[in-house]
Amino acid sequence: TADRTSERESPMKWTSALSEQLVLDDAIAECGVAIKNSIGDETLDLAVAFISPHYEESYERVADLMAQTLGAKHVFGCSGGGVIGNGLEVEQRAGISITAAVLPDVDIKPFHLQVDRLPDLDAGPDKWEDLIGVQADKDPHFVMLADPYSFPVQDLLMGMDYAYPKATKIGGLASGASREGGNALFLDDQVLRTGAIGLALDGNITVDTVVAQGCRPIGSPMRISKSDRNMLLELDGQAPMEVLRNMMQVLPERDQELIRHSLFLGVVTDELIDNPVQGDFLVRNVVGMDQSTGGLAIGEMLKEGQLVQFHLRDAETSTDDLQAVLTRYADEHRENDIPGALLFSCLGRGQYLYGRANHDTDMFRDKLGDVPLGGFFCNGEIGPVSGTTFLHGYTSSFGLFRPKL
């Protein structure tokens, strides 16, 4: 094996840095020093930057400063209402997170998409391959960021799943601004205000995902026996509100209270799953109730025959859910060294939900060790459930990067 190792290039390396310096130049410089101390003088293939809106006046200078300080071949990132770096979460105050990587034998193809360039939803996979500039047979994986005000992310995810069915897609919606044009997307030497940006990664890299939607199931799984678009009309022949009323009688008091303000529906999107476990459900909001029919309006198109289960969400439930999915991942990947990871977490998580900082990053470290972890708090999180990519809310979506070989 010694001979084989010596033939191989240096290994994949990741590191994550965080700065709370109030001036952009100082913050990027501080991150640069930490990254150099960790990785040395090797040329960086990728630098991923998330920057809080406290630096909004300086967004246009990000690309130049990143180039001068780090000299990475590719720069990628966006504005974030909160940032995550070096295993810490910075919310409601100035912060810059830069996660840098040396990726031997990995091809990185950046792309920028505008809404008027997207193929029709009935266009063939070749149209998507032309748009992205990468063939599906290259076996790429994707990290994607989009501006929520100017880009229909759902359409993009459907098209990407169609054209690249085996590819992992992970990412989030830029945050920090409450108006169109206020967010920034950083791609190589550009600072963009609209659209979506992405990286296609192929070669000696694989991207695992852990998607924690922060909910737990109540009651038991049931089949949709009647639905109309997003209206849930019958579950196993009963009105959904009748099912909930019966459930209320046997649930503990805490859960009865949560049903009143934190009720969700988990939909099993993979028809082959009969006994769903945590992680198999796509969790969607219950957005309305129809007292006259006992039906519920759900934030997702429904199909008759789908397996569904009601879910609840609060801080305790989110903790349990994250613990369950991270533990399962850790158990399944004990053999694998994870060089680096990115976390796309919802603005509604963090201190707002848990009452303390670093909840998700602390648990990640507890389960997976000291993996370099960067990321940000998003306006919506991109990640797969049962092989299909969705846009989520209230979710922590992790991408874990490791060599294939």
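Our structure's up above, just so we're on the same page.
Residues numbered from 1 in each chain as written. Predicted model: local features only at pLDDT ≥ 70, side-chain atom pairs only at ≥ 80, totals over all residues. Heavy atoms only, no water.

Asks: What am I meant to see in empty space enclosed by the protein here?
Replies: Gaps left between atoms show up when a probe the size of a water molecule is rolled over them. Evaluated as defined, the whole model comprises 2 cavities of 30 Å³ or more. Considered as a void within the structure, the largest cavity measures approximately 70 Å³ in volume. Together, Val 211, Gln 213, Cys 215, Pro 217, Gln 278, Gly 279, Asp 280, Phe 281, Val 283, His 311 and Asp 321 line the largest cavity. Split by residue class, the lining of the largest cavity holds 5 nonpolar, 4 polar and 2 charged. Each pocket or cavity is described by its volume, and for the second largest cavity that value is around 30 Å³. What lines the second largest cavity is simply Trp 14, Leu 46, Val 48, Phe 76, Val 143, Leu 199, Leu 201, Leu 342 and Phe 401. Those elements giving two or more residues to the lining of the second largest cavity turn out to be β2 (46-51) and β12 (196-203). For the lining of the second largest cavity, the per-class residue count stands at 9 nonpolar, no polar and no charged. (1 Å grid on protein atoms, 1.4 Å probe; cavity = no way out; pocket = protein on both sides within 12 Å on 5 of 7 lines; lining within 4 Å. Points joined across faces, edges and corners; volume = space filled by probe spheres on them. Nonpolar A, V, L, I, M, F, W, Y, C, P; charged D, E, K, R; others polar. Helix = DSSP H or I, 4+ residues; strand = E, 2+ residues; numbered from the N terminus.)

Asks: Looking at this structure, I do not really get the packing of aromatic side chains. What am I missing?
Replies: Both the distance between ring centres and the angle between the ring planes are used here to describe each pair of aromatic rings. In total, this model carries 8 aromatic pairs according to the counting rule given. Look at Tyr 59 and Phe 186: their rings are 6.0 Å apart centre to centre, the planes differ by 75°, and that puts the pair in the edge-to-face class. Taken together, the residues span a long stretch of sequence, with Tyr 59 in the loop between β2 and α3 (62-70) and Phe 186 in strand β10 (residues 185-187) at a distance of 127 residues. By the ring-pair criterion, three or more aromatic residues cluster together here, those being Phe 50, Phe 344 and Phe 376. (Phe/Tyr/Trp six-rings, centres within 6.5 Å; stacked < 30°, edge-to-face > 60°.)

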